[in-house]
Amino acid sequence: MQRSTHSVDVKAPTPKEQLLEILKEKSVCRGTFTLASGTQSDFYVDAKLTTSNPRAALLVGRVGWELVKQTARARNVHIDSIGGLTMGADWMALSIGIAAHLENSQAALRVFSVRKSAKEHGRLKRIEGNFSSGDSVVVVDDVITTGGSTIQAIDAIEEAGGRIAFVIALVDREEGGRENIEKRGHKVVPIFTRAELIGADAGRRSHIAVA
Amino acid sequence: MPGDDRISPLLSALSGGLSQEKLESLGSEFNALAQDRAETLVFFVLQNVCQRLASALEGEAVSVDRFEELTAGIADQIADILRDLQQGNAAINKLEPLVITLFRNLGLFRR
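Reading guide: rules and limits
Residues numbered from 1 in each chain as written. Chains lettered and ligands numbered in written order. Predicted model: local features only at pLDDT ≥ 70, side-chain atom pairs only at ≥ 80, totals over all residues. Helix = DSSP H or I, 4+ residues; strand = E, 2+ residues; numbered from the N terminus. Buried ≥ 20, exposed ≤ 12 C-beta atoms within 10 Å, placed from the backbone. Contact = placed C-beta atoms within 7 Å. Rg over C-alpha atoms; globule rule 2.2 N^0.38 Å. Pairing = 2+ DSSP bridges. Axes fitted to C-alpha atoms, helices over the stretch in contact; angles between N-to-C directions. pLDDT = per-residue confidence, 0-100. Nonpolar A, V, L, I, M, F, W, Y, C, P; charged D, E, K, R; others polar. Expected span 1.5 Å × (residues − 1). Right-handed = clockwise from strand over helix to strand, strands pointing away. Core = buried A, V, L, I, M, F, W, Y, C linked by C-beta atoms within 7 Å.

Quick look at the overall build of chain A
Argument step 1. On a plain count of helices and strands, chain A comes out with seven helices and eight strands.
Argument step 2. Per-residue burial for chain A yields a buried fraction of 45% across its 211 residues.
Argument step 3. In chain A, the share of contacts with a sequence separation of at least 24, taken over all contacts with a separation of at least 6, comes to 66%.

Dropping the structure here:
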């Protein structure tokens, strides 16, 4: 019997493609929503439903860590630690930290979380976890809209003596947040953009904004 | 307190409507004012109102209608209290109606 040499060219989805599918399935809600910034939008990304999912968290770690390494190489910077504003950044930062550790436990990233406001007693800490003054830091956020939460984290990290290497986000909603952060001199590298998530023209916000 | 430098920007912010981010920022400033100024109770209540409302909005897909329900009346009442403070009035009697509005909006009344 002659075995067929014809093979079907079925390409296995990459980790990034798998992550995109989970994100679309779990986190994208349609409707008319008021976002944290007060602007209105016809889609909402509840990224925590993805970043807290074990399978997706593995993918966030793999994809995010590759992006961190690639960006750090391109910008010729060393990275000591990774973190962002609680709670959007927390699962994502930890997933990337675990992926880094699995690749090389000696050169692992340290992971931390930034409180929205400083504790008012004890050591008055705003940053919890593994962070040291002088660290070269990757700031993480799950979703960037106006950039407000990312900028809050940047301010707290800089105030605590950290140096911002760059920012990574799971989703850039492409609504000016990336520009707001880059105006402060920090490169933003999203894993996904709005166009990748819901299509280039879909979900354009209504521009009903509060001052 | 006419021409009060710390109150005028808050009134200006409130005039643009509320959002989760704005409530967080207002809450933070009210917290500072509670510690810095004589009207401790007033600012403490204002901080709590903003913080609780911001927490209710945080991390949720809040529909436009639901957002309107949750925030209805809050900005106006806070602005009214701040204007009283600017004019040197205590505004204590306006705190309970504000908290009642917050509880009503959030559906927290159990009685």
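Some words on the overall build of chain B
Argument step 1. A tally of regular secondary structure across chain B gives six helices and zero strands.
Argument step 2. Helices (α) and strands (β) of chain B occur, in sequence order from the N terminus, as α-α-α-α-α-α.
Argument step 3. Taken over the C-alpha trace, chain B has a radius of gyration of 14 Å; the compact-globule value for 111 residues is 13 Å, and the two agree within 12%.
Argument step 4. Considering only C-alpha atoms, chain B reaches an extent of 40 × 30 × 20 Å along its principal axes.
Argument step 5. Looking at chain B residue by residue over its 111 residues, the buried ones come to 31%.
Argument step 6. Put simply, 63% of the contacts in chain B that link residues at least 6 apart link residues at least 24 apart.

Details of the sheet that holds strand β5 (residues 127–129) of chain A
The strands making up a sheet associate through backbone hydrogen bonding, with each pair oriented either parallel or antiparallel.
Residue and element names in this part refer to chain A.
Argument step 1. With mixed pairing, the six strands of this open sheet are ordered in space as β5-β4-β3-β6-β7-β8. Edge strands, defined here as strands with exactly one partner in the open sheet, are β5 and β8 (188–193). Pairs of neighbouring strands in the sheet enclose a mean axial angle of 25 degrees, with direction left out of account.
Argument step 2. Both strand β3 (residues 81–85) and strand β6 (residues 136–144) contribute to a ladder of three bridges, which runs parallel. Looking at β6, one finds that isoleucine 82 is bridged to valine 138.
Argument step 3. Strands β3, β4 (110–114), β5, β6 and β7 (163–172) of the sheet are contacted by helix α5 (residues 148–159), whose axis makes an angle of about 160 degrees with β6.

Brief notes about the confidence of the model for chain B
Argument step 1. In this model, chain B carries a mean pLDDT of 91, and residues with pLDDT of at least 70 account for 95%.
Argument step 2. As scored by the predictor, the complex reaches a pTM of 0.83 and an ipTM of 0.83.

A short note on the environment of valine 139 of chain A
Residue and element names in this part refer to chain A.
Argument step 1. Along the chain, valine 139 turns up in strand β6.
Argument step 2. Between the C-alpha atom of valine 139 and that of methionine 92, which follows or precedes it by 47 residues, the distance is 11 Å.
Argument step 3. Once residues lying within four places of it in the same chain are set aside, the contact partners of valine 139 are Gly84, Thr150, Ala153, Ile154, Ile157, Ile164 and Val167.

Brief notes about the interface of chain B and chain A
Argument step 1. Contact with chain B, which involves 15 residues of that partner, is made by 17 residues of chain A.
Argument step 2. Only α2 (20–36) and α4 (64–71) of chain B provide two or more residues apiece to the side of chain B that touches chain A.
Argument step 3. If one sorts the elements of the side of chain B that touches chain A by residue count, α2 of chain B sits on top with five residues.
Argument step 4. The class makeup of the residues in the side of chain B that touches chain A is five nonpolar, seven polar and three charged.

Here's the deal with unusual backbone geometry
Argument step 1. Omega for the peptide link from threonine 86 of chain A to methionine 87 of chain A comes to 0 degrees, which places this bond in the cis form.
Argument step 2. Backbone geometry at asparagine 76 of chain A places phi at a positive 55 degrees, although glycine is not the residue there.
Argument step 3. Despite not being glycine, alanine 91 of chain B shows a phi value in the positive range, around 70 degrees.
Argument step 4. Mapped onto the secondary structure, alanine 91 of chain B falls in the loop between α5 (74–86) and α6 (95–106).

Remarks on α5 of chain A
All names here are of chain A.
Argument step 1. When the terminal C-alpha atoms of α5 are compared, their 16 Å separation across 12 residues agrees well with the 16 Å that a helix rising 1.5 Å per residue should span.
Argument step 2. Of all 12 residues that make up α5, nine are buried, and the element is covered over most of its length.
Argument step 3. Among all positions in α5, only Gly148, Ser149, Thr150, Ile151, Gln152, Ala153, Ile154, Ala156 and Ile157 are buried.

Remarks on the pairing of β3 of chain A
All names here are of chain A.
Argument step 1. Counted residue by residue, β3 has five buried out of five residues, so it is predominantly covered.
Argument step 2. Pairing between β3 and β4: five bridges, direction parallel. Note that in β4 the partner of leucine 85 across the bridge is valine 114.
Argument step 3. Regarding topology, helix α4 (residues 90–103) serves as the crossover connection from β3 to the parallel β4, and that connection is right-handed.

Some details on the pairing of β8 of chain A
Residues and elements named next belong to chain A.
Argument step 1. Bridge analysis of β7 against β8 gives five bridges, and the strand direction is parallel. Of the residues in β8, the one forming a bridge with aspartate 172 is threonine 193.
Argument step 2. Viewed along the sheet, the connection from β7 through helix α6 (residues 177–183) into β8 turns out right-handed.

Re the nonpolar core
Argument step 1. Ranked by internal contacts, the top residues of the largest apolar core, which has 83 residues, are Ile96, Val138, Val139, Ile157, Ala169 and Leu170 of chain A together with Leu46 of chain B.
Argument step 2. Looking at which element gives the most residues to this core, the answer is helix α3 (residues 40–57) of chain B, with nine residues.
Argument step 3. Contact partners of valine 138 of chain A, with chain neighbours within four places excluded, come to Val68, Ile79, Ile82, Ala165, Phe166 and Ile168 of chain A.

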